Amino acid sequence: MISLKNIYKSFGSNQVLKGVSADVAIGEVVVLVGASGSGKSTLLRCINLLEEPDSGQIIIEGVVVTAKGVAKHEVRRETGMVFQQFNLFPHLTVLQNITLAPIRVRNTPKAEAEALALELLHKVNLEEKSEAYPYQLSGGQQQRVAIARALAMKPKVMLFDEATSALDPAMTSEVLSVMRQLVAEGMTMVVVTHEMGFAREVSDKILFMHDGAIIEQGTPAELLQNPQHEVTKAFLSKVL
Amino acid sequence: MAIDFKLIVDSLPFLLVGARTAIVVTFWSVLLGITLGLMVALGRLSKITPLAVVCQAYVEFMRGTPMVVQIFIVYFGLPRVGVYLPPLLSGVVALGLNSGAYLGEIFRGGIQSIDNGQTKAALSLGLKPMQVMRYIVLPQAFVRVLPAIGNEFVTMIKDSSLVSFIAVQELTYRSTLVAARTYDYFSMYMATAMIYFVMTFTVSRTLMWLEGRLRVGD
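Residues numbered from 1 in each chain as written. Chains lettered and ligands numbered in written order. Predicted model: local features only at pLDDT ≥ 70, side-chain atom pairs only at ≥ 80, totals over all residues. Heavy atoms only, no water.

**Focus: the sheet that holds strand β6 (residues 79–82) of chain A**
All names here are of chain A.
Right, so step 1: Pairing is mixed across the open sheet formed by six strands, whose spatial order is β6-β7-β8-β3-β9-β10. Of all the strands in the sheet, the pair left with one neighbour each is β6 and β10 (213–218). When the angles between neighbouring strand axes are averaged without regard to direction, this sheet yields 20°.
Right, so step 2: Relative to β10, strand β9 (residues 205–210) runs antiparallel, the two being bridged by five bridges. If you follow I206 over to β10, its bridge partner there is G218.
Right, so step 3: On top of the sheet, helix α6 (residues 169–184) reaches β3 (29–34), β7 (157–161) and β8 (188–192); it is set at about 145° to β8, its chief contact. (Pairing = 2+ DSSP bridges. Helix = DSSP H or I, 4+ residues; strand = E, 2+ residues; numbered from the N terminus. Axes fitted to C-alpha atoms, helices over the stretch in contact; angles between N-to-C directions. Contact = heavy atoms within 4.5 Å.)

What follows is the structure, given as structure tokens:
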């Protein structure tokens, strides 16, 4: 479904991605792990073109989205993203946060968008917060709203960029349980996380990134129990 | 007592007509200023370099030259190139152009102060850059710069007195007329100052109230 081919990306003189290739199949859950600065967040942001690769191709459902003339906003409406810092819109209520994009981007009638939003809020267990503003919610609640907001666009893939890194353990487990639910529903997901337990439990494939490249990949069983690369071994011994 | 209250009370209706003109001049100038300011801010932030340069030059020129000279250029100067504007409109155009430069800088700062994560999140939902600006960045930036807009409004009320130089019959012009006739400059200008103060104080308090209402958990 998603194919990354030989992606290069630099920020100034700092080369962050050095020829990364990877594939994500429909319904697959792929977890990106690696130390800070290894390029995993940048790679994730390349998928929805929040970062533009310097070279290489990104193909989503047969469409080369990195090609010239492809409208970025059209690519992004099919790829939901959840951020470490939630990034809810503070001037809008929870309901407005969720309905904004369906109404403005998909031209969904307001009533229909709100019905869908309430359904999604029910799913993330926050239906009573629809009229609240983001500042009135805990971090875990904000992140669940952010997931509902991304789902409201009915994306084909969900991208999670360290979605639980800013949360305490109790809130982390709230958010992870919503993510597990998405996995159970067959959502295609690409997840950057430090939650190795979660990765082991739900992922189909783990990609280990180091210094701008994927140096090892495999099923959780392969990669976590029997890492081949010295760097992977050293990293896993610290986080497991 | 040096202040002639009877004279003030007697000339009050005459002065208040001038105060109304001052408000009209201020209102339209600020409206023009906000419109221009928004355009200038977006222009300066745009990736189109010539546009950004033109907007910056405009800001520098307006901030670096006296407002009264700008008023003279519009009223006395433009007729030389065939543009004849009546005094009141000349005043509004000059003040609005001037205010647009200051408000442009205020808006630019406000837009830049909004966390980049907001833009990223909005883009990730499939909004186009102009929609991100309109629905996400500008509403938040506007609330944040409201105090500065309030200051600008107060400044414009006071600076509207400069259009008396081109014979717009606003408050300062009218009080000068009465003072010149009665020779009681002290009473007239003290009264005039008080009327300006009531106007500026009302505006600043109203904006403070509005700011409190619009500020949501920021």
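**Looking at the pairing of strand β1 (residues 2–11) of chain A**
All names here are of chain A.
Right, so step 1: Sheet analysis places β1 next to strand β2 (residues 14–24), joined by eight bridges and oriented antiparallel. By the bridge assignment, L4 is partnered in β2 with A22.
Right, so step 2: Across five bridges, β1 lies against strand β4 (residues 55–60) in antiparallel orientation. Across the sheet, the residue bridging to L4 is I58, located in β4.

**Thoughts on the interface of chain B and chain A**
How big an interface is tends to be stated in terms of accessible area lost as the parts join.
Right, so step 1: Across the contact, 19 residues belong to chain B and 24 residues belong to chain A.
Right, so step 2: Interface area for chain B against chain A, summed over the two sides, is near 1900 Å², with a carbon-plus-sulfur share of 67%.
Right, so step 3: In this structure, the connection of chain B to chain A is made through zero salt bridges.
Right, so step 4: The interface formed by chain B and chain A contains six residue pairs in polar contact (both at pLDDT 80 or more).
Right, so step 5: Those elements that provide at least two residues to the side of chain B that touches chain A are α5 (116–124) and α6 (129–159) of chain B. (Buried area = accessible area lost by both parts, 1.4 Å probe. Salt bridge = Lys/Arg side-chain N within 4 Å of Asp/Glu carboxyl O. Polar contact = N/O pair within 3.5 Å; in protein donor to acceptor, adjacent residues only side chain to side chain.)

**Some thoughts on the packing of aromatic side chains**
Right, so step 1: On inspection of all chains with the given rule, the structure shows seven aromatic pairs over all chains.
Right, so step 2: Seen in terms of ring centroids, B:F27 and B:W28 are 5.2 Å apart; in terms of plane orientation they differ by 85°. Their pairing is edge-to-face.
Right, so step 3: By relative accessible area, which is 46% here, B:W28 ends up partly exposed.
Right, so step 4: Pairing B:Y75 with B:F76 gives two aromatic rings, centres 4.9 Å apart and planes at 70°, and the pair type is edge-to-face.
Right, so step 5: Chaining the aromatic ring pairs together yields one cluster made of B:F72, B:Y75, B:F76 and B:F165.
Right, so step 6: Taking the ring centre of A:F89 as reference, the NZ or CZ of A:R149 above it sits at 4.5 Å.
Right, so step 7: If you follow B:R174 out to its NZ or CZ, it ends over the ring of B:F14, 4.3 Å from the centre. (Phe/Tyr/Trp six-rings, centres within 6.5 Å; stacked < 30°, edge-to-face > 60°. Buried < 20%, exposed > 50% of the residue type's maximum accessible area, 1.4 Å probe, protein only. Lys NZ or Arg CZ within 6 Å of the ring centre and 35° of its normal.)

**Topic: unusual backbone geometry**
Of all residues except glycine, most have a negative phi; of all peptide bonds, most are trans.
All names here are of chain A.
Right, so step 1: Not every positive phi belongs to a glycine, and N87 is a case in point at roughly 55°.
Right, so step 2: Relative to the helices and strands, N87 resides in the loop between β6 and α3 (94–105).
Right, so step 3: Relative accessible area serves as the criterion here: at 8%, N87 is assigned to the buried category.
Right, so step 4: You will see that E162, though not glycine, has its phi angle at about 50°, which is positive.
Right, so step 5: Its location among the elements puts E162 in the loop between β7 and α6.

Without other data, these values stay purely geometric and don't point to any function.
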